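# Structural overview
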Amino acid sequence: MKSFLRSLVCFFFPPLKKYYRFKKSQTNKVTRFQWCRFWLSKDKRCYWPVHKNSEVTHPNNVFVGINSNAGTRSGCYIQGNGSVYIGNYVHFATNIGIISGNHGLYEHMTHDNKEVKIEDYCWIGMNAVIMPGVHLGPRTVVGAGSVVTKSFPNGYCVIGGNPAKLIKELEKDKFIPTKFEEEYYGFVPKKDFKKFAKKHLKQNKYYSEIINNAD
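Here we summarise the structure given alongside this text. Since we're looking at a predicted model, the values are computed, not measured.

The rules behind the values
Residues numbered from 1 in each chain as written. Predicted model: local features only at pLDDT ≥ 70, side-chain atom pairs only at ≥ 80, totals over all residues. Heavy atoms only, no water. Helix = DSSP H or I, 4+ residues; strand = E, 2+ residues; numbered from the N terminus. Rg over C-alpha atoms; globule rule 2.2 N^0.38 Å. Buried < 20%, exposed > 50% of the residue type's maximum accessible area, 1.4 Å probe, protein only. Contact = heavy atoms within 4.5 Å. Areas by Shrake-Rupley, 256 points an atom, 1.4 Å probe, with all protein chains shown as cover. Lys, Arg positive; Asp, Glu negative; His and termini not counted. Charge placed at Lys NZ, Arg CZ, Asp CG, Glu CD. Arc of directions from axis to C-beta. Pairing = 2+ DSSP bridges. Salt bridge = Lys/Arg side-chain N within 4 Å of Asp/Glu carboxyl O. Polar contact = N/O pair within 3.5 Å; in protein donor to acceptor, adjacent residues only side chain to side chain.

### A look at the overall build of the protein
Helix and strand counts for the protein stand at five helices and 18 strands. In terms of overall size, the protein behaves like a compact globule, its C-alpha atoms giving a radius of gyration of 18 Å where 215 residues would be expected to give roughly 17 Å. Here the protein, with 215 residues, has 45% of them falling under the buried criterion. Long-range pairs, those at least 24 residues apart, make up 35% of the contacts in the protein with a sequence separation of at least 6. As displayed, the protein offers around 12200 Å² of accessible surface, 54% of which is attributable to carbon and sulfur atoms. Averaging the locations of the 32 positively and 16 negatively charged side chains of the protein gives two centres separated by 9 Å.

Dropping the structure here:
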């Protein structure tokens, strides 16, 4: 009965149909209010869902890939000073810090900016902090409470601690990649993302890569 009523409502209100399709791309709750607010807003630089208690700075320096939940949980802080690249199907727990620019040691109003790159299928555990210049290869699992100060570009591993160290290497042939029924770049359907980027993301640092690689 519930499914029938939802279908009936969606028939008379097509925007709701789009919202329910979008929900199939999310592992965390994103409300209808958040979805509507994004599409009604003029500022679409931050094109992915962000929890009301999370923060993204310098969104023009941030890229978030397909079905990644970068900040949909509370307490996350993505600092885009030096640019942040987040790949596909990357998942954040709560209270994650992604820092791409440190204050200068002798002049705290200056920044030493370095790109943070987090490749596909990484999992970042609760209270972890990723520091400037770090590159995490595909399927890197970051343990809760870790402070990641160096890169693990080969991926397929579990890291943890402060500073984070290699705990375990993962067998690539055992990895099972996720693929959701619906694929979205944040709020935007995958098939529409290039068109969306041409209209709203021309100032994004990764714009050329978006245009060249988005389907």
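### Structural notes on helix α4 (residues 193-200)
Those residues of α4 that sit buried are F193, F196 and A197. An end-on view of α4 places all buried positions within 100° of arc, on one side of the element. Those residues of α4 that are exposed and aimed more than 90 degrees away from the buried face are K195 and K199. Those residues of α4 that are buried are in contact with α3 (32-40), β2 (62-64), β17 (184-185), β18 (188-189) and α5 (207-213).

### A word on the sheet that holds strand β4 (residues 84-86)
Adjacent strands of a sheet form backbone hydrogen bonds with each other and so pair up, either parallel or antiparallel. In space, the four strands of this open sheet follow the order β2-β4-β9-β12, with parallel pairing throughout. With partners counted over all chains shown, the strands left at the sheet margins are β2 and β12 (135-136), one partner each. Here strand β9 (residues 116-118) runs beside β12; their pairing, made up of two bridges, is parallel. Its bridge partner lying in β12, K117 is registered against H135.

### Observations regarding the side chain of N81
Residue placement: N81 occurs in the loop between β3 (77-79) and β4. The exposure class of N81 is buried, given its relative accessible area of 18%. Leaving out residues up to four positions away in the same chain, N81 has contacts with T57, H58, N61, S100, G101, H111 and N113.

### As for the pattern of salt bridges
All chains considered together, the criterion is met by seven salt bridges. Of the charged contacts, one joins K24 and E181 as a salt bridge, the two residues approaching to 3.5 Å between their closest N and O atoms. Here E181 lies in the loop between β16 (164-169) and β17 and K24 lies in the loop between α2 (14-23) and α3, a separation of 157 residues in the sequence. By relative accessible area, which is 44% here, K24 ends up partly exposed. The partner of E183 in a salt bridge is K179, and the shortest N-O contact between them spans 3.2 Å. Residue E183 is classed as buried on the basis of its relative accessible area of 15%. Under the relative-accessibility criterion, K179 is labelled exposed at 61%. Residues participating in the shared-partner salt-bridge network are K179, E183 and K190.

### Let's talk about the side chain of N67
Locating N67 in the fold gives a position in the loop between β2 and β3. On the basis of relative accessible area, N67 is assigned to the buried category, the value being 3%. Within polar-contact distance, the side chain of N67 engages the backbone oxygen of E182 at 3.0 Å. Engagement of the side chain of N67 in a polar contact is seen with the backbone nitrogen of Y184, the distance being 2.7 Å. Among residues more than four places away in sequence, those in contact with N67 are S25, Y89, V90, H91, F180, E182, E183 and Y184.

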